[in-house]
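Tertiary structure, described
Residue-level listing of the chains:
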Amino acid sequence: MWHQADDSLLATAATNGAVVTWNLSRPCRNKQEHLFAEHKRTVNKVCFHPSEAHMLLSGSQDGFMKYFDLRKKESVSTFSGQSESVRDVQFSTKDFFTFAASFENGNVQLWDIRRPDRYERMFTAHTGPVFCCDWHPEDRGWLATGGRDKMVKVWDMTTNRAKEIYCVQTIASVARVKWRPERRWHLATCSMMVDHNIYVWDVRRPYIPFATFEEHKDVATGIVWRNQHDPDVLLSGSKDSTLYQHMFNDASRPEVRANPEGLSFGLFGDLAFAAKESLMAAEGGRKPCPGGDRRYPIFFFKKHDVMERFAQVSSVLSVFESDLDGGTRMDWFIETARRYQLSGRPFAELCDHNAKVAKELNRPQVSTTWTMLRIMYSDPGHPTPPANHNMSKLGNMPLMNSFSLKDMSAALNERNKENRQDNLHNLETNLNNDENEETEGSDGQAEYLFGEAELDDDDLYSIDHDNQAAEETEFSLPQEAFPLRHEIVEHATAPELPAEKAESPQASGGETESVCLTPMESFSLISVSQLLFQPRLLPGFFNAIVKDTLAYYAEQGDVQMAVSALIVLGERIRKEIDELTQEHWYMSYIDLLQRFELWNVSNEVIKLSTCSAITCLNQASTTLHINCSNCKRPMSNKGWICDRCHQCASVCAVCHHVVKGLFVWCQGCSHGGHLEHVMEWLKSSNHCPAGCGHLCEYA
Amino acid sequence: MFVAKTIAADHKDLIHDVSYDFHGRRMATCSSDQSVKVWDKSDSGEWHCTASWKTHSGSVWRVTWAHPEFGQVLASCSFDRTAAVWEEIVGESNDKQRGLSHWIKRTTLVDSRTSVTDVKFAPKHMGLVLATCSADGVVRIYEAPDVMNLSQWSLQHEISCKLSCSCISWNPSSSRAHSPMIAVGSDDSNVTYTGKVQIYEYNENTRKYAKAETLMTVTDPVHDIAFAPNLGRSFHVLAIATKDVRIFKLVPLRRESSTSSGPTKFEVQLMAQFDSHNSQVWRVSWNITSTLLASSGDDGCVRLWKANYMDNWKCTGILRGDGSPVNGSSISSAALNAAAASGAQNSTVGAASAGRKKTQLMPG
C-alpha cells in the first residue's frame with residue numbers, strides 16, 4: 001500500500017508473515033526500509049494511518065493485528081481478534097483512533113488503537129469470511145463489507161448497534177470493495193473467483209450494477225480509485241497479468257441493455273404487459289440515453305440526474321383482457337370445437353349442422369364453406385328435370401371450348417349462347433384479360449359463370465332485353481369483381497372459394513357495394529346451379545378446389561376448419577392431401593384443443609383421424625393394471641374371470657351381473673359396478689353396495 | 001377492445017419478463033430483484049400471487065413455462081450466469097390457507113460463463129428439451145433424458161453464434177416435415193456486424209444443429225424474437241423486435257432430392273416492417289392463432305398488428321401501459337367494414353406522428 005502523503009513510501013505484506021516497507025527514494029538498489037517479521041502466518045492486509053505519517057497497521061492470518069511505528073523496530077501494540085484470521089483492516093475516515101477489522105468467521109470488529117486489550121464493538125456481518133471492508137469517504141459512519149456469501153453490506157456505525165442499511169447481492173464472492181469518490185451511493189467491487197468483471201453499484205438499487213468493466217480475462221485481484229477526488233478513473237490489477245486503468249465513461253451500463261418490458265399473449269387473447277414505470281409515465285418518450293451525458297462528465301448536476309433516475313425504478317404490471325365482443329378472444333374457437341359434429345350422421349347433415357354452428361358464431365365465411373362442401377359432395381338426391389334439356393346442348397360443348405374455360409362453365413355459356421352471342425365475345429375478352437392479370441383467373445371465370453347459370457331463362461331474357469345497358473356493366477363484372485372479392489376476403493378473411501361462389505348476379509349487377517351476402521342467399525342460388533350440372537361431374541371434380549380451400553384455412557391460422565372439414569369429408573378428400581400435411585394439421589389442432597383443455601374433443605379428433613401417427617396417440621402410455629376384487633391378485637387381461645380364484649371379477653355390486661361397459665369402483669374397497677347402478681345406490685346410501693361396510697368415495 | 005387491469009406486482013426492481021402458461025391460467029413474472037412470482041387466475045378473473053421466491057443472485061432476465069405434460073415446471077435465467085429449472089410441489093407443504101404454493105429448484109445449469117439472456121423449452125414433441133443463450137454468444141441445448149427426473153439435464157448441443165445472444169425462439173411446428181429449428185437474436189450494438197438473426201436447424205444425419213439461414217438485413221440489436229404458432233402451416237413466420245418490428249416469412253424450398261443432407265433452404269420474405277414505436281422495440285408476442293402480433297417498445301405502448309388476406313400487416317390497436325386507449329383503437333371482429341378500417345388506419349397514423357413529435361424534443 002502506498003503511503004498517502006509520501007509518494008516514495010510503500011508497504012507490502014507477504015505470505016510468510018513479513019511486513020515490509022520500501023522507500024523508493026533511497027539511492028541504493030535495495031529499497032527496503034523496514035522489515036517486521038512479527039506475524040507467524042500470512043499477512044493479509046497492511047494499512048497506513050490516514051493522517052499519522054509513521055503509523056502502519058497489519059492484519060494477519062494468525063488472528064492478530066499489529067500497529068507499527070515506522071520509526072521503531074517493532075510493533076507498538078498488538079490486537080488480538082481472538083478468532084481465526086484477519087482479512088482486512090481499515091482505519092476509519094471519521095475517527096482518528098478507530099479502525100475496523102474483518103474476520104474469516106464473518107465478524108467485523110471495531111478497535112480503538114489506544115486500547116489493545118479489547119475491541120470496542122463486534123458484530124456478525126456475513127455468513128462466511130468477510131474479505132474486505134471500506135469506510136465511506138464522506139458519510140463517515142458508513143462501512144461497506146464484502147464477503148464470500150456474495151454480498152456487499154453497508155453498515156451505519158453511528159448508532160449503538162451496527163445497522164445494515166444496504167445490501168447488494170453480487171454473483172460471486174466479493175474480494176474487494178471500494179467506495180467511489182465523490183459519488184455518495186456508489187461503490188466498486190471485484191470478485192475473488194468465477195467473475196472477472198469489476199462492478200460499480202448504486203447501493204440504493206442493489207440488483208443491477210450501475211456500471212461494469214469487462215476488460216479482464218481473469219479475476220481481478222485489486223481495485224483502487226486513482227485519485228481520492230476523481231470518480232472517473234479506476235485502476236485494477238488481475239491474475240491475467242494485466243493492469244488496467246478504466247475510464248468510467250468506457251464502462252458498460254447493464255441497465256441500458258436490460259429489458260425494461262415484458263409482454264406475453266395469453267391463451268384467451270389477453271395480454272400481460274410489464275413495463276418500466278418511467279416509460280409509461282413519460283408521454284411516450286424515451287429518456288435520453290446516458291450516452292448523451294457521457295460526453296460531458298463535467299456537468300455533475302446532469303450526471304447526478306442519471307444517478308437519481310437509475311436508483312428509482314419500478315415496473316408496472318398490467319393485464320389487458322379482451323372483453324366480450326372483441327375478436328381476439330378465443331371463445332369462438334372453444335364453442336366451435338364443442339359444437340361441431342364430425343361423425344355419426346350423414347355427410348350432408350354434418351355439413352349443415354356445422355354450417356349452422358359457424359353461422360351462429362358469426363363466422364359467415366366458414367359457414368358458407370360448410371354449405372359449399374355439402375353441395376359439392378352430396379349426391380344430388382333431387383330430381384333433375386332440366387338436365388335433359390341441358391344435356392342435349394352440352395353435347396357440343398367442346399366446340400365452344402376454344403377459350404380456356406372449364407368444361408362446365410363453357411357448357412353453361414353454351415346454354416345462353418343464343419341470347420348472348422355478342423356478349424359472349426365481350427365476356428371472352430374480359431376473361432382472357434383477367435387470366436393474364438390474375439393468377440386466379442380461371443377461378444374467376446368459374447365464379448362468374450356460376451352466377452350466370454343460376455338465373456332462370458326467364459330472368460336472362462328479361463335482363464337481356466330490358467337492361468341492355470346494364471348488361472354491359474354486368475359483363476365487365478369479372479374485372480371489377482376482383483377487387484370486390486378481395487374486399488370480402490379482407491373483412492371476413494374468407495377463402496377464395498366461398499367468396500367466389502357468393503358472387504351472385506344481383507350483387508355483381510347493381511349492388512356491388514353490398515358485399516355482405518348472407519350465406520343463405522348464395523346457398524340457394526348455388527343449389528340451383530348444382531342441379532344443372534351436377535349429373536355430369538366426376539366425383540372428384542371439386543377436390544382440387546377443396547384441397548386449396550383447406551390449405552388456405554390452415555395457412556390463415558384456422559386449422560380447426562381444415563381438420564374438421566378433413567374429418568367430415570373423410571375418404572372424399574383424404575387422398576388429395578399428402579399424409580404429412582394432414583398429420584401436421586391434426587397435430588396442431590389437437591395441441592390447440594389440449595391447450596383449451598377440450599379433452600373430449602381432442603380425443604374425438606384423434607379417434608376420427610385417419611393418420612396412423614395420430615390415432616396411435618391415445619393408444620400410447622395408457623396401461624391399466626387390474627387386480628381381481630376377490631383374491632386381490634393381478635388379473636390377466638383377458639376375459640372377466642380371474643384365473644386364480646375362478647370367479648367373475650367385475651361383478652356389479654348392485655345387480656350382481658358382470659359389467660361389460662363402464663365399470664366404476666371405489667378405490668378404497670374395490671367394490672363397484674355399473675355406473676348408473678352405483679349412482680342410484682349412492683343416492684340412498686353412503687356405504688358400499690357390496691355390504692363391506694366401507695364408506696365409499698367415488699372421485 | 002381491451003380492458004386493462006393493473007396488478008400490484010410488488011417487484012422491487014424492473015420486471016423483465018412475463019410469461020403465460022400453456023393453458024393461459026397462470027402467469028410468471030421475473031425481475032431484477034432476483035425473484036420470480038407466479039400468478040394464478042381465480043375463477044372471478046383476478047390474478048393472485050401464489051408464489052414468490054428468490055431464484056438467482058442476479059437479475060432474472062426471462063422466465064418460461066414447460067408443457068404441462070411435464071408438470072408445473074418453470075425455467076429462469078439470470079445475470080448470475082445460470083439457468084434454473086423449478087417445479088411446483090403439490091402436497092401437504094402447500095399453504096392452502098394463504099393460497100401459496102411451493103416451488104423447488106430441480107437443477108441449476110452453470111455452463112455459461114456470462115449472463116444467460118434467454119431460456120426456452122422446446123416444443124413438446126421433442127421431449128423435455130431446454131435451450132439457453134448467453135451473452136458470450138453460445139446457445140446451449142439441454143435435454144432431460146428422463147422426463148420424470150427434472151434434476152438430470154445433459155448438455156446436448158453447444159452452438160457458437162459468434163455474436164452476443166439476447167433471445168431465442170423455437171420453431172413450434174410439430175410437423176415431421178420440419179426439423180427442429182431455433183432462431184437466435186443478437187443484441188450486439190455494433191451495426192457493422194450484419195445478420196443479427198440466425199436460424200439453426202437440426203440435421204438428422206449429422207445429429208447437429210447447423211446454420212440454415214442468416215437474416216443479413218437485420219443489423220441493429222435484436223431484443224426479442226418469436227416464431228408464430230405454426231398451426232398446420234407449411235411456412236414459418238418470425239417476428240423480430242429490433243429498432244422496429246419486423247415480420248419475416250420463411251418458406252421452406254422443396255429439396256431436389258431427399259438424399260441431400262444439407263440444411264433446408266428457405267425463401268425469406270420480409271412481410272412487414274414498422275417503426276411506429278419510434279424507439280427500440282423490446283418485446284414481440286404472438287397470439288395463439290398467430291393472427292395477431294403484439295409489440296412493445298420504449299414508447300411504453302403495446303401495438304397490435306394483424307394481417308389481412310393479402311399478408312398486408314396493419315396496426316389494429318395501441319394500448320397504453322396504464323390502460324388508457326391511445327385512440328379509438330378497437331380490435332373488432334371480422335365484420336369490420338372498409339370505411340372503419342381506413343378510419344382507424346388514419347387515426348393510428350396521426351397518433352404515431354404525434355408521438356414522433358414528442359420524441360424529437362428529447363435528445364438521443
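Residues numbered from 1 in each chain as written. Chains lettered and ligands numbered in written order. Predicted model: local features only at pLDDT ≥ 70, side-chain atom pairs only at ≥ 80, totals over all residues. Heavy atoms only, no water.

If you check an unreviewed UniProt entry, chain B appears there as Nucleoporin SEH1 from Hemibagrus wyckioides.

By the naming in an unreviewed UniProt entry, chain A is GATOR2 complex protein WDR24, taken from Hemibagrus wyckioides.

1. Some points on the overall build of chain B
Looking only at helices and strands, chain B features one helix and 25 strands. Looking at the 364 residues of chain B, the share that counts as buried comes to 59%. Within chain B, residue pairs in contact and separated by at least 24 positions form 45% of the contacts whose partners lie at least 6 positions apart. Taken as a whole, chain B presents about 14,600 Å² of accessible surface, with 51% of it coming from carbon and sulfur. (Helix = DSSP H or I, 4+ residues; strand = E, 2+ residues; numbered from the N terminus. Buried < 20%, exposed > 50% of the residue type's maximum accessible area, 1.4 Å probe, protein only. Contact = heavy atoms within 4.5 Å. Areas by Shrake-Rupley, 256 points an atom, 1.4 Å probe, with all protein chains shown as cover.)

2. Some words on the UniProt feature "repeat: WD" (unreviewed entry) in chain A
All names here are of chain A. The UniProt entry lists residues 36–78, 79–121 and 123–165 under the feature "repeat: WD" (unreviewed entry), expressed in the numbering used here. The span residues 36–78 is 0% helical and 53% strand by assignment, and the distance between its end C-alpha atoms comes to 13 Å. In residues 79–121, the share of helix is 0% and the share of strand is 49%. The end C-alpha atoms are 13 Å apart. (UniProt positions renumbered as here; feature names shortened; annotations may be inferred.)

3. A closer look at the packing of aromatic side chains
As enumerated under the stated definition, the model contains 30 aromatic pairs over all chains in all. Measuring from ring centre to ring centre gives 5.9 Å for Phe213 of chain A and Phe248 of chain A, while their planes differ by 75°; the resulting arrangement is edge-to-face. Of the two residues, Phe213 of chain A is situated in strand E19 (residues 211–213) and Phe248 of chain A in the loop between strand E22 (243–247) and helix H1 (254–257); the sequence distance between them amounts to 35 residues. As far as the burial class goes, Phe213 of chain A and Phe248 of chain A line up, both buried. When the ring of Trp170 of chain B is compared with that of Tyr209 of chain B, the centres are 6.5 Å apart and the planes differ by 70°; the resulting orientation is edge-to-face. A residue pair is termed long-range when its members are at least 10 positions apart, and Trp170 of chain B in strand E14 (residues 165–170) and Tyr209 of chain B in strand E17 (residues 208–215) qualify at 39 residues. Assessed through its relative accessible area of 6%, Trp170 of chain B is described here as buried. (Phe/Tyr/Trp six-rings, centres within 6.5 Å; stacked < 30°, edge-to-face > 60°.)

4. Examining the interface of chain B and chain A
Interface size is often expressed as the accessible area that is lost when the parts come together. Facing the 94 residues of chain B at the interface are 81 residues of chain A. Counting across the interface, chain B meets chain A through three salt bridges. Among the salt bridges present, the one from Arg81 of chain B reaches Asp195 of chain A, with a minimum N-O distance of 2.6 Å. Taken together, the connections running from chain B to chain A amount to 18 residue pairs in polar contact (both at pLDDT 80 or more). Partitioning the side of chain B that touches chain A into residue classes produces 36 nonpolar, 37 polar and 21 charged. (Salt bridge = Lys/Arg side-chain N within 4 Å of Asp/Glu carboxyl O. Polar contact = N/O pair within 3.5 Å; in protein donor to acceptor, adjacent residues only side chain to side chain. Nonpolar A, V, L, I, M, F, W, Y, C, P; charged D, E, K, R; others polar.)

5. A look at the UniProt feature "repeat: WD" (unreviewed entry) in chain B
All names here are of chain B. In the UniProt entry, the feature "repeat: WD" (unreviewed entry) is given for residues 8–40 and 274–306. Between the end C-alpha atoms of residues 8–40 there is a gap of 14 Å, over a span that is 0% helix and 55% strand. The straight-line gap between the two end C-alpha atoms of residues 274–306 is 12 Å; of that span, 0% is helix and 58% is strand.

6. A word on the nonpolar core
Counting 53 residues, the largest nonpolar core has Trp370, Phe596 and Val605 of chain A as its most contacted members. Among the secondary structure elements, those contributing two or more residues to this core are helix H5 (331–339), helix H6 (347–360), helix H7 (364–377), helix H19 (543–555), helix H20 (559–569), helix H22 (579–595) and helix H23 (599–608) of chain A. At nine residues, H20 of chain A tops the list of elements feeding residues into this core. Not counting the four nearest positions on each side in its chain, Val605 of chain A is found in contact with Leu342, Val563, Ile567, Tyr586, Tyr589, Ile590 and Leu593 of chain A. Listed in part, the 36 residues of the second largest apolar core include Leu187 and Trp201 of chain A together with Phe79 and Trp153 of chain B. (Core = buried A, V, L, I, M, F, W, Y, C linked by side-chain atoms within 4.5 Å.)

7. Brief notes about the environment of Ile15 of chain B
For Ile15 of chain B, the position within the fold is in strand E2 (residues 15–20). Sequence-wise, Ile15 of chain B and Val237 of chain B are 222 residues apart; in three dimensions their C-alpha atoms are separated by 27 Å. Contact partners of Ile15 of chain B, with chain neighbours within four places excluded, come to Asn259, Pro260, Glu261, Gly262, Ala274, Ser315 and Leu317 of chain A together with Ala9, Thr29, Cys30 and Ser31 of chain B.

8. Topic: the packing of H22 of chain A against H23 of chain A
What describes two packed helices is the angle between their axes and the distance between those same axes. Residue and element names in this part refer to chain A. It is at 8 Å that the axes of H22 and H23 come closest, and there the two elements cross at 160°. As far as their axial angle goes, H23 and H22 are roughly antiparallel. Considering the relative orientation of H22 and H23, their crossing is left-handed. Of H23, the residues touching H22 (which contributes Tyr586, Tyr589, Ile590, Leu593 and Gln594) are Trp599, Val601, Ser602, Val605, Ile606 and Leu608. Taken together, the residues of the contact of H22 with H23 break down into nine nonpolar, two polar and no charged. (Axes fitted to C-alpha atoms, helices over the stretch in contact; angles between N-to-C directions. Parallel < 35°, antiparallel > 145°, perpendicular 65-115°, else oblique. Left-handed = near helix turned anticlockwise from the far one by under 90°.)

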